[in-house]
Amino acid sequence: MAVDWKSFTPVLIPDIPNLQDIDVYIKNGGYEALKKVVNENDWSPGQVINEVKDANIKGRGGAGFNAGLKWSFMPKPDGGPRYLACNGDESEPGTFKDRKIFEYNPHLFIEGALIAAYAMEVTTIYVYIRGEYYSWIKMMEKALQDAYDKGFIGKNICGSDFSVEFHVTGGAGAYICGEETSMLESLEGKRGYPRVKPPFPAQKGLWGRPTTINNIETLANVPGVINNGADWFRGIGAESHPGPVLYGISGHVNQPGVYELPTGVPIMDLINDVAGGMRNGKKVKALIPGGSSTPVLRGDSLEGVSMDADSLREAGSMMGTAGMIVMDEDTDMVETLWRISHFYHHESCGQCTPCREGTGWLEKILLKIRNGEGEIRDLDLLLDLTTQMEGRTICALADAAAWPVRYTIERFRDEFEARCKKSVHAVA
Amino acid sequence: MEEQSLEFTKEDLQEIETIKAKFPTDMAATLPVLWVAQRRFGHVEAPVQRLVAKTLDLPDSHVHGVASFYTQYYKNRMGKYVLDVCTTTSCQLCGGYEMLHYLEDKLGIKAGETTDDGMFSIQSVECLGACGYAPMMQITNDVYVNHLTEDKLDMVIESLKDGKMPKFESVGMPHFKERKV
């Protein structure tokens, strides 16, 4: 059944002026959920985890794993430090949503992170924000200071026996630091090299201690679940992938931007009704649904496809971060794919050979095709390379580099062949 | 010779202490302290990296490894204003390269170069996370300038020549009744 998105009122970033001001946030019911869990006896840490698990908040950073279930993987406290690391690295092309939370509703995220910390009995929270977001790091520093001043962070929060420290720290330009274990390395002051799993961060995370990593938008959904219940959350959007989502829409639409709507909105509605239609009235040629690593879809296959895990899986793609990149009929897919491959080659951390070398080869071969020197067999060579990269590295960056190549060639092969036939080596 | 003159100020050292207090190890302060250093000296060439290593009591090789891994640290001296033009997918689709080439022509340098007067450097950079406001650029790791046009670039360059950084541009959520400026 189609999701009723037209009557939806935003909850993550509601239209309330100056909501980033802590007094305005409090006046609008802010920090009530935190007070509830830390002060009421019926909200034990385990019950908070169960409620969030029941709500089925799927991680908004791209992987889509049930947040409450992830929390439940933390081992029992042993008296030592435990960490929550909030992932605000947001570097996947097409994704530009978390910065909206930092800017317009930072306390919702802070409150969600504090509730998560209470549920997992965490002692310190870090929010890691990409270094380029300097302005937003400053906003978060201010918001955290305000929350400290009001007693929502620190010792004996809201008069309870729950205490936690909360710090913001910035990156310095590396896409890989959005990968959870790489982010931990970066937080520890090192190069962002992903770690081999297992051990998983819940067992051995920051400084070898139990750590959970959550996306900013995921945590921003938590206060709503505590205030209104898991059933309320599950009642929003698509049944198997519920809740509000910040859709980032970019590319060839008339009104690109971040839109808060339920999951499960039909893609064509997002383009035509939400984002003001295609620029210059052109047709959609291609669409990347959730950040550049998610498989590209052909424009003529979008009818009936909606933005939720099930529908996108059926269509041959993924929800990812819901950062949609829309391309019109004039888009050169060879040029676009070459640029995406350049990105992944640039951002490979270099730790694993299939990724370090593979991303370089993908880019080189695509550059050759783009320059009109490609041969048909190069397309099969590219596909072969992708199979040799996928699943053979410590983290998923190799997969993220391989998928766009595989699916763009599979779904737009004509265009690649046509460019190859223009090869200077062609004899006919 | 220059290395001897490199020192953090008293304020810097205080800031470094505040940073160190956030983490259980001093190594964790590597990235933030490299930022402090870059803001102080304008770059993190080898002598600056060694100063950071000395200040945090870490091996030079560790700090060098970190400084060279992350793109935002300037391993060479840059112009007073570094214009990072995003050319990754969404910006590419919306004219990022056109903006980059316009700047190159205007300033008479190529991406990766600095003007002779040391005023501007241009870089073509990977996704800056402003995809809906493409094409865009960032100035010296600070302010984002969205929705670039040739006219807007002209204005920004003129104001930077006068030493004025553009103000932070807040792009409102489309469902807000009033678009915040």
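The preceding data block contains the structure.
The text that follows walks through the structure, step by step, so that each part is easy to find. All of these numbers come straight from a predicted model, not from anything done at the bench.

**Brief notes about the environment of Phe 168 of chain B**
Structurally, Phe 168 of chain B can be placed in the segment after helix 8 (150-161). Residue classification places Phe 168 of chain B among the partly exposed positions, given a relative accessible area of 30%. For the pair Phe 168 of chain B and Val 52 of chain B, spaced 116 residues apart in sequence, the C-alpha separation works out to 30 Å. Apart from the residues lying within four places of it in its own chain, the contact partners of Phe 168 of chain B are Glu 103, Ser 135, Trp 136 and Met 139 of chain A together with Val 143 of chain B.

**Quick notes on the sheet that holds strand 2 (residues 120-125) of chain B**
Residues and elements named next belong to chain B. Judged by pairing direction, the sheet is mixed, and its 4 strands sit side by side in the order 2-1-3-4 without closing on themselves. One side of each edge strand has no neighbouring strand; the edge strands of this open sheet are strand 2 and strand 4 (144-145). Where strand 1 (residues 81-86) meets strand 3 (residues 137-139), 3 bridges bridge the pair, whose relative direction is antiparallel. Within the sheet, the bridge partner assigned to Asp 84 lies in strand 3 and is Gln 138.

**Notes on the interface of chain A and chain B**
Each partner contributes to the interface: chain A provides 71 residues, whereas chain B provides 50 residues. Taking both partners together, chain A and chain B bury about 4,700 Å²; carbon and sulfur atoms supply 58% of that area. Contact with chain B buries surface across chain A, with Asp 15, Ala 172 and Arg 339 of chain A losing the most and accounting together for 14% of the total. When the shortest N-O distance is used, the salt bridge between Arg 339 of chain A and Glu 126 of chain B registers 3.0 Å. It is helix 14 (residues 333-347) of chain A that contributes the most residues to the side of chain A that touches chain B, 9 residues altogether. Along the lines of polarity and charge, the residues of the side of chain A that touches chain B split into 34 nonpolar, 22 polar and 15 charged.

**Quick word on the packing of aromatic side chains**
Under the criterion given, the structure shown has 27 aromatic pairs over all chains. Ring geometry for Tyr 133 of chain A against Trp 136 of chain A: centres 5.1 Å apart, planes inclined by 50 degrees, an arrangement best described as tilted. Members of the aromatic cluster, each reached through a chain of ring pairs, are Tyr 193 of chain A together with Trp 35, Phe 69, Tyr 70 and Tyr 73 of chain B. Taking NZ or CZ as reference, Arg 130 of chain A lies 5.4 Å from the ring centre of Tyr 133 of chain A, over its face. The lysine or arginine in question, Lys 364 of chain A, covers the ring of Trp 361 of chain A, its NZ or CZ lying 4.9 Å from the ring centre.

**A word on the side chain of Asp 146 of chain A**
Residue and element names in this part refer to chain A. With respect to the helices and strands, the residue Asp 146 is situated in helix 7 (residues 134-149). Among the polar contacts listed, one links the side chain of Asp 146 to the side chain of Lys 142, at a separation of 2.7 Å. Every residue in contact with Asp 146, bar those within four places of it in the chain, is listed here: Ile 22 and His 107.

What counts and what doesn't
- Residues numbered from 1 in each chain as written.
- Chains lettered and ligands numbered in written order.
- Predicted model: local features only at pLDDT ≥ 70, side-chain atom pairs only at ≥ 80, totals over all residues.
- Heavy atoms only, no water.
- Helix = DSSP H or I, 4+ residues; strand = E, 2+ residues; numbered from the N terminus.
- Buried < 20%, exposed > 50% of the residue type's maximum accessible area, 1.4 Å probe, protein only.
- Contact = heavy atoms within 4.5 Å.
- Pairing = 2+ DSSP bridges.
- Buried area = accessible area lost by both parts, 1.4 Å probe.
- Salt bridge = Lys/Arg side-chain N within 4 Å of Asp/Glu carboxyl O.
- Nonpolar A, V, L, I, M, F, W, Y, C, P; charged D, E, K, R; others polar.
- Phe/Tyr/Trp six-rings, centres within 6.5 Å; stacked < 30°, edge-to-face > 60°.
- Lys NZ or Arg CZ within 6 Å of the ring centre and 35° of its normal.
- Polar contact = N/O pair within 3.5 Å; in protein donor to acceptor, adjacent residues only side chain to side chain.

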